[in-house]
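Chain and residue survey
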Amino acid sequence: MHVKPKIKPVEWIGNSLKDIKAMPEDVQDVFGKALFIAQLGGKHVAAKPLKGFGGAGVLEVVEDNDGDTYRAVYTVRFADVVYVLHVFQKKSKKGIATPQEEIRKVKARLSMAEELHRSKGR
């Protein structure tokens, strides 16, 4: 008997859906594939835990395209849903670290996701 895997829904926090739609198609494809793998309970090869969030619950996928760097941050902390927290083009040319301004946005949106999750009684 073949059992179909349960696919978790994706919830977009803030303007993350609008932001991903504004990115180059190749970048959207990579991020979309990473999110689909997360929906199935797996982890894309390019997904890495985002530093400062205590473990592997908040993941980041980095994709370079045409000299620009794009990032998608999502959380798999909840068993039944994947929340996309932030999608952005990295502007800073110095270092590979995620800028503090972006980290603050991720933290705020993670709190929004936790509140949304609680309010839906999940």
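Above this text you will find the structure in question.
In short, a report on the structure. Numbering of residues starts from 1 in every chain and runs along the sequence as written. Confidence filtering applies because this is a predicted model: local features only for residues at pLDDT of at least 70, side-chain atom pairs given and counted only at 80 or more, and all residues used for totals across whole chains, interfaces and linings. Note: side-chain values were computed over all heavy atoms of the structure, leaving out hydrogens and water.

Any Lys or Arg side-chain nitrogen located within 4 Å of an Asp or Glu carboxyl oxygen qualifies as a salt bridge. Per the counting criterion, the structure on display carries 4 salt bridges. Here Glu114 ties to Arg77 by a salt bridge, and the two come within 3.4 Å at their closest N and O atoms. Taken as a pair, Glu114 in helix 3 (residues 100-119) and Arg77 in the loop between strand 4 (68-75) and strand 5 (82-90) lie far apart in primary sequence, 37 residues in all. Burial status follows relative accessibility: with a 1.4 Å probe on protein chains alone, a residue under 20% of its type maximum counts as buried, one over 50% as exposed, and anything between as partly exposed. Residue Arg77 is classed as partly exposed on the basis of its relative accessible area of 38%. The closest approach of N and O atoms between Arg118 and Glu115, which form a salt bridge, is 2.9 Å. Only DSSP runs of H or I reaching four residues or more are called helices, and only runs of E reaching two or more are called strands; each is numbered from the N terminus.

Let us look at the nonpolar core. Here, the term nonpolar core denotes a set of buried Ala, Val, Leu, Ile, Met, Phe, Trp, Tyr and Cys residues that are joined through side-chain atoms within 4.5 Å. If you look at the biggest cluster of nonpolar residues, it comprises 17 residues, and the most contacted ones within it are Met23, Phe31, Val61, Tyr74 and Val87. At the level of elements, helix 2 (25-39), strand 3 (58-65), strand 4 and strand 5 are the ones that each hand at least two residues to this core. Here this core gets 6 residues from one element, more than from any other, and that element is helix 2. A contact between two residues is defined here by any heavy atoms of the two lying within 4.5 Å. Setting aside residues up to four positions removed in sequence, Phe31 forms contacts with Ile20, Met23, Val61, Glu63, Tyr70, Arg71, Ala72 and Val87. Of all hydrophobic cores here, the second largest spans 14 residues; its members include Ile13, Phe78, Phe88 and Leu110.

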